[in-house]
Amino acid sequence: MLESEYQEYNRFFLNMGPQHPSTHGVLLIVLEMEGEYVLDPQPVLGFIHRMHEKMGESRPCQGFMPNTARMDYVCALPYNHGYVSLIERKAGIEVPKRAEHIRVITSELNRIASHLLWLGAYLLDLGAFTPILYGFDDREHILDILESVTGSRLTYCYHRFGGVYQDIDDKFIEATRAFIKRMRKRYVIYEKLVTKNIIFIKRTENIGIVSPDMALRYGMTGPNLRGSGIAYDIRKNEPYSVYPEFDFEIPVGEQGDCLDRYMVRVKEIEQSLRIIEQALDRLPEGPIRAKVPKNIKLTPGDCNFAVEAARGELSYYLVGDGTSTPYRLKIRVPSYSNLSCLPELGSGILLPDLVSILGSFDLVIPEIDR
Amino acid sequence: MVDKSKDYKNDFIHQGLNATDTDYHQRGYHLEVALDVNQVRKFAQTAYDLGFYIVFVAGLHVRSEEGNDQDNSGLEVVYQFARYDQLYRIKARVSVPKSLKVPSISDIFQGADWHERETRDLFGVVFDGHPNLKPLLLSEEDSNFHPLLKQEEKLKSLDEVSWKSGVPETTEKEANDETG
């Protein structure tokens, strides 16, 4: 048998998903394989496409609020935050300081919950079963805290135009402070259990290296970008809400492999805890909602608002026409751009490494499909 | 150290592009670039050379102006770019001709690949030179169905959905005239 014939004989297609456990939702990747090596991974999207943008254009802007939580269901509050901020920028609504602080506290709690879920699920992809139990234990505390003010555990609809739905009470503050204290102790456990684990390091180090130029060409953002050493965080670079008042750092990696992306997220949990701590200390008294007209008129013209979601830059782009219904609402989601580099990043690697890369990207499929 | 307040308007004007400054606090972006169809690739190359990253490519459906501009399908393609090292956002806009063809920028910014496929799905814009313009979010059977195209009675002209270029005083005056 000739060499070329042998290669032809060894080449085949493999469907990874849409029910594959490591795709975390309904994502199909059609892999062109040669033996154990992936030649060309092509993601196939749209299994849970719901056309959120059309829904945004066919009802008054208030009616879109619940939809924002159903894109990224793991970290819904930054999506709430971005949408209300967009409408506030368009309609010129001033938000009370207390409301902005509450928004930041709840969004950061949600970000930690998202990172904890990711941490557990990623290690489950790599074959470690225990960390997800620890992660879910910690996440459960956050969900309880958030449930006490928002009323829901997953798809929050808590932020409102001009403020938030209801005020936080002493019980909430107490529980949040207790969680911060607890979470700092848990770091030691995660460090011992995961970060220094030799199998984990072998599965992640030098795997799936994203270079800064590649990140720029694909428009990658969030921890996936920061793993490559670029300190780009919308909370710092394009300050919104009350983030400029807080002292926090942007953790960055060195070379952009899976291990760096892991380290960035773990360090971000601590930074989020710092933000929450400061926001609780400086929580001002006052109203939690501004007076907002019942029928918000969106003036003609376009407007953009970007926030840092758990997975990167979330941009809402709105075109108004003078009515209360958006004429066009474009939602730029981070995972969509982050995943789009997979065909380039994943060619010529081993199949188990592809699983490691996919997990390290922290994909949320409903957000990609919208 | 990167200059945090660099203005990129002149870099685009030097390339013969029509760039204007905008009010960031009102609109959320700093620079607006109105493009001709044959300038799209030059604009993307300039943005890449200056170190911008791609935020998104999207479509917009407005009423086509008959008469003064014959070659206008009513569709617009909107590009947004931003920077990692400073706060600077660019919005670029191009009117799609009747042939529905706009040059693809997916070889300059590979990230545009999926955004262009999405725009083809939702609006039917054909990106010329795209290597793989297959349905992405919608199914293959629906490749001629474009959900974000508006019905004729809901369409508005581009002027009706754009910022008023005049000074605010005049619009206030007009409003007073109407009530008075």
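See the structure above.
Residues numbered from 1 in each chain as written. Chains lettered and ligands numbered in written order. Predicted model: local features only at pLDDT ≥ 70, side-chain atom pairs only at ≥ 80, totals over all residues. Heavy atoms only, no water.

Draft legend 1. Broad picture of the packing of aromatic side chains. For the structure on display, the rule yields 23 aromatic pairs over all chains. A centroid spacing of 6.4 Å and a plane angle of 65 degrees characterise the contact between A:Tyr243 and A:Phe248, whose relative ring orientation is edge-to-face. Assessed through its relative accessible area of 1%, A:Tyr243 is described here as buried. Consider the rings of B:Phe12 and B:Phe43, whose centres lie 5.5 Å apart with planes at 35 degrees: the pair is tilted. Note that B:Phe12 is positioned in helix α1 (residues 9-14) and B:Phe43 in helix α3 (residues 40-49), a separation of 31 residues in sequence. Here B:Phe12 matches B:Phe43 in class, with each residue buried. The cationic tip of A:Lys236 hangs over the ring face of A:Phe248; the distance from NZ or CZ to the ring centre is 4.1 Å. The cationic tip of A:Arg370 hangs over the ring face of A:Tyr336; the distance from NZ or CZ to the ring centre is 5.0 Å. (Phe/Tyr/Trp six-rings, centres within 6.5 Å; stacked < 30°, edge-to-face > 60°. Buried < 20%, exposed > 50% of the residue type's maximum accessible area, 1.4 Å probe, protein only. Helix = DSSP H or I, 4+ residues; strand = E, 2+ residues; numbered from the N terminus. Lys NZ or Arg CZ within 6 Å of the ring centre and 35° of its normal.)

Draft legend 2. Examining the nonpolar core more closely. Judged by nonpolar contacts, the single largest core of 158 residues is most densely connected at A:Tyr83, B:Phe12, B:Phe43 and B:Tyr79. Setting aside residues no more than four positions away along its own chain, B:Phe12 makes contact with B:Leu17, B:Ala19, B:Leu31, B:Phe43, B:Thr46, B:Ala47, B:Leu50, B:Phe52 and B:Ile90. (Core = buried A, V, L, I, M, F, W, Y, C linked by side-chain atoms within 4.5 Å. Contact = heavy atoms within 4.5 Å.)

Draft legend 3. Highlighting helix α5 (residues 97-125) of chain A. Residue and element names in this part refer to chain A. Under the 1.5 Å per step criterion, the end-to-end length of α5 is 42 Å for 29 residues, consistent within 8% with the ideal 42 Å. Judged by how many residues are buried, α5 sits mostly within the fold: 27 of 29 residues are covered. Looking one or two residues past α5, Gly127 carries a phi angle of roughly 100 degrees, positive in sign. (Expected span 1.5 Å × (residues − 1).)

Draft legend 4. How the structure looks around the sheet that holds strand β2 (residues 31-35) of chain B. Residues and elements named next belong to chain B. Spatial ordering of the open sheet is given by β1-β2-β5-β4-β3, a layout of five strands whose pairing is mixed. Of all strands in the sheet, those with a lone pairing partner are β1 (18-21) and β3 (52-61), marking the two edges. This sheet shows a mean twist of 20 degrees between the axes of neighbouring strands, independent of strand direction. Pairing of β1 with β2, which is carried by four bridges, proceeds in the antiparallel orientation. Within β2, the residue paired with Asp21 across the bridge is Leu31. Here α3 sits on the sheet and contacts β2, β3, β4 (75-83) and β5 (89-95); the angle it forms with β4, its principal contact strand, is near 10 degrees. Across the sheet, helix α4 (residues 112-123) is in contact with β3 and β4; its angle to β3 comes to roughly 5 degrees. (Pairing = 2+ DSSP bridges. Axes fitted to C-alpha atoms, helices over the stretch in contact; angles between N-to-C directions.)

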